[in-house]
Amino acid sequence: SEKFLNSNINLAAGSGNFTTFAPDPPVPISTGLEAPHPETFTSWDKIEISRKTKEMSVEELVNYIEKSFGVTVDRIFLHGDTEDKAIYNALDKKKLEWDITFDENGK
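Residues numbered from 1 in each chain as written. Predicted model: local features only at pLDDT ≥ 70, side-chain atom pairs only at ≥ 80, totals over all residues. Heavy atoms only, no water.

Colleague: Explanation requested: the overall build of the protein chain in the structure shown.
Modeller: Scanning the protein chain from terminus to terminus reveals two helices and six strands. Taken from the N to the C terminus, the helices and strands of the protein chain come in the order β-β-β-β-α-β-β-α. Against the globule reference of 13 Å for 107 residues, the protein chain gives a C-alpha radius of gyration of 22 Å, more extended than a compact globule. Along the first, second and third principal axes, the C-alpha atoms of the protein chain reach 80 × 40 × 30 Å. Taking the contacts inside the protein chain whose residues are at least 6 apart along the sequence as the reference set, 12% of them involve residues at least 24 apart. As displayed, the protein chain has an accessible area near 10,100 Å², and 52% of this comes from carbon and sulfur atoms. (Helix = DSSP H or I, 4+ residues; strand = E, 2+ residues; numbered from the N terminus. Rg over C-alpha atoms; globule rule 2.2 N^0.38 Å. Contact = heavy atoms within 4.5 Å. Areas by Shrake-Rupley, 256 points an atom, 1.4 Å probe, with all protein chains shown as cover.)

Next up, the structure:
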């Protein structure tokens, strides 16, 4: 396993004040899945996708994740985005199936 250390440098105290320390381990969250799928995940985990092409659509990504892990994708967010705006939201996809009709009076 890789060794990971955090470090702090206090520039006001001079070059001799350099400390490193091991960060707390990530908190595991239960997925509710059964083996062979991951039973827990952490904020340090990642999914690596092997494809012949470098690009894939959001729809292809959702289908890949759902097929590979047997889960339903609710939302996907951009990495590092500070706003709570999903690039994929399953609720929005369901809205495409809505049947919206108007009568002669526009109601």
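The discussion continues.
Colleague: Help me understand the side chain of T42 in this model?
Modeller: Along the chain, T42 turns up in the loop between β4 (40–41) and α1 (58–69). Residue class for T42 comes out buried when judged on its relative accessible area of 14%. In this structure the side chain of T42 is engaged in a polar contact, spanning 3.1 Å, whose partner is the backbone nitrogen of W44. Ignoring sequence-local partners within four residues, the contact set of T42 consists of P26, V27 and P28. (Buried < 20%, exposed > 50% of the residue type's maximum accessible area, 1.4 Å probe, protein only. Polar contact = N/O pair within 3.5 Å; in protein donor to acceptor, adjacent residues only side chain to side chain.)

Colleague: What is the right way to look at the nonpolar core in this model?
Modeller: Buried together is how nonpolar side chains tend to be arranged in soluble globular proteins. By size, the foremost hydrophobic cluster in this structure holds seven residues: L61, V62, I65, V73, I76, Y88 and A90. When residues of this core are assigned to their parent elements, the largest contribution, three residues, is made by α1. L61 has contacts with I49, M56 and I76, leaving out every residue within four places of it along the chain. (Core = buried A, V, L, I, M, F, W, Y, C linked by side-chain atoms within 4.5 Å.)

Colleague: Sorry, what's going on with the environment of G14 here?
Modeller: Mapped onto the fold, G14 is located in the loop between β1 (6–9) and β2 (18–21). Sequence spacing of G14 and A86 is 72 residues, and the spatial spacing of their C-alpha atoms is 44 Å.

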